[in-house]
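Geometric and topological summary
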Amino acid sequence: MNPQAKLIFITSLLMGTTITISSNHWIMAWTGLEINTLAILPLISKSHHPRAIEAATKYFLVQAVASTLVLFSSMTNAWHTGQWDITQLTHPLSCLILTSAIAMKLGLVPFHFWFPEVLQGSPLVTGLILSTAMKLPPMTLLYMTSHSLNPMVLTSLAILSVALGGWMGLNQTQVRKIMAFSSISHLGWMAIIIVYNPKLALLNFYLYTLMTAAVFLTLNSIKVLKLSTLMTTWTKTPALSAMLLLALLSLAGLPPLTGFLPKWLIIQELTKQDMASAAIIISLLSLLGLFFYLRLAYCATITLPPHTTNHIKLWYTNKPTSTWIAILITTSIMLLPISPMIATII
């Protein structure tokens, strides 16, 4: 892709996100979401492969429907209350329509079908943007309207998302699809807590972004798209594969890694809200996700490819590890000791 064109699209993404997260008026928020959608489409379809074009088409159709629902929800609220302010969403029907629209934007169950397909048709770096940066504007809208939303609906969506995100990722062999179902599962954890403690949901989102960025950039560095390729990486980049193992276990939420922190705080908050049963259910369902993270980690570090001929192993590659990968992996495995400080912030 032409560097000037890429610069324009990335700038448009930043601008759309900034407009949405800084707006108070529904029309401005909707404008930012539309700019974001239009800016990401060329990045998805830049390879001109039929699968990439299909992914871009699916993404456009789903996001267009979701944006229409956002607009319809805000207009219904304005019709009944005379308010266009995002924080003044009070009409029950508007709240229900907005919840559906944001769930569609984020890829929460039952509006999740588009997300694995779109991620599978996108390059890894574009997949990273779709999994993290493109989720920030809808999460911000959810944060700003969280006091008005129906807790029962969001809890149901969250538990279904964690269940299906874990269950459907079990038999996948494509790394991008596994990361898509991982994203759906993590969004379930954010959705269940957003009504009770919105700042905690945002903290979860930030840490999820850190860990996902570390995994995606590592996979992009070692050029891995499926599990069979992942099995051959240990001989080429042993240190990076070992770090990938830790980043994946952190994403699974195992202590003493960073990923354990948001899960721990969410379970604690749910217990305080007399929702111990929901906390137990969502914790047990996250074990499904743990299985496919362990599968990825096993393929990356423990499995050696079958070889019958004697040949020299490529122990090292000439390409040095990116500084960004080093920083992201360090933060995604070592933030748990400073959790008291993080807890005071939220």
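Every chain is numbered on its own, with residues counted from 1 as its sequence reads. Whole-chain, interface and lining totals are the exception, using all residues; otherwise, since this is a predicted model, local features are given only for residues with pLDDT of at least 70 and side-chain atom pairs are given and counted only at 80 or more. Note that the side-chain values use all heavy atoms of the structure and ignore hydrogens as well as water.

It is worth spelling out the pattern of salt bridges at this point. By convention in these notes, a salt bridge is any Lys or Arg side-chain nitrogen within 4 Å of a carboxyl oxygen on Asp or Glu. For the structure shown, the criterion picks out three salt bridges. Two residues, Lys58 and Glu117, come together in a salt bridge whose shortest N-O distance is 3.9 Å. Within this pair, whereas Lys58 is found in helix α3 (residues 50–81), its partner Glu117 is found in helix α5 (residues 114–120), the two being separated by 59 residues in sequence. With relative accessibility at 28%, the residue Glu117 sits in the partly exposed group. Salt bridges sharing partners connect three or more residues here, namely Glu54, Lys58, Glu117 and Lys177. Helix and strand definitions follow DSSP, with helices as H or I runs of at least four residues and strands as E runs of at least two, each counted in order from the N terminus. Only protein chains enter the accessibility calculation, which uses a 1.4 Å probe; a residue is then buried when its area is under 20% of its type maximum, exposed when over 50%, and partly exposed in between.

Moving on, we come to the environment of Leu157. Structurally, Leu157 is set in helix α8 (residues 151–168). For Leu157, a relative accessible area of 10% translates into the label buried. Put simply, Leu157 and Thr99 are 58 residues apart on the chain and 9.7 Å apart in space, counted from C-alpha to C-alpha. In this structure Leu157 touches Thr99, Ala103, Val109 and Pro110, once residues within four positions along its chain are discounted. Any pair of residues with heavy atoms lying within 4.5 Å of one another is described as a contacting pair.

This part covers the UniProt feature "domain: NADH:quinone oxidoreductase/Mrp antiporter transmembrane" (unreviewed entry) in the protein chain. Per the UniProt record, "domain: NADH:quinone oxidoreductase/Mrp antiporter transmembrane" (unreviewed entry) is annotated on residues 23–288. Its end C-alpha atoms 38 Å apart, residues 23–288 is made of 74% helix and 0% strand. UniProt positions are given in the numbering used here, feature names are shortened, and annotations may be inferred rather than shown by experiment.

A few words on the domain arrangement of the protein chain. Domain borders in the structure are assigned automatically or taken from a domain database. By the assigned domains, the protein chain splits into domain 1 (1–149) and domain 2 (150–345). Put simply, the middle of domain 1 and the middle of domain 2, counted by C-alpha atoms, are 23 Å apart. The interface is formed by 30 residues belonging to domain 1 together with 38 residues belonging to domain 2. At the boundary of domain 1 with domain 2, total buried surface from both sides reaches about 3,000 Å², with 78% on carbon and sulfur atoms. Buried area, as used here, totals the accessible surface that two parts lose on assembly, with accessibility defined by a 1.4 Å probe and the loss added over both. Three residues, Val109, Gln120 and Leu124, lead the burial of domain 1 against domain 2; their summed loss comes to 23% of the area buried on that side. Viewed at the interface, domain 2 and domain 1 are joined by one salt bridge. In this structure, Glu117 engages Lys177 in a salt bridge whose closest nitrogen and oxygen atoms are separated by 3.4 Å. In protein, a polar contact requires one atom able to donate a hydrogen and another able to accept it; more generally it is a pair of N or O atoms within 3.5 Å, and residues adjacent in sequence count only if both atoms are side-chain atoms. At the boundary of domain 1 with domain 2, the tally comes to seven residue pairs in polar contact (both at pLDDT 80 or more).

Quick look at the packing of aromatic side chains now. Planes of paired rings set the category: under 30 degrees apart is stacked, over 60 is edge-to-face and the rest tilted, where pairs are Phe, Tyr or Trp rings (Trp by its six-membered ring) whose centres lie within 6.5 Å. As enumerated under the stated definition, the model contains six aromatic pairs in all. Aromatic side chains Phe205 and Tyr206 sit 6.3 Å apart centroid to centroid with 65° between the ring planes, which places their arrangement in the edge-to-face category. What makes Tyr206 partly exposed here is its relative accessible area of 46%. Each ring, one from Phe292 and one from Tyr293, has its centre 5.0 Å from the other, and the planes form 45°; the classification is tilted. According to the relative accessible area criterion, Phe292 is buried, its value standing at 1%. Using a relative accessible area of 4% as the deciding quantity, one classes Tyr293 as buried. Joined through ring pairs, the aromatic side chains of Tyr59, Trp114 and Phe115 make up one cluster.

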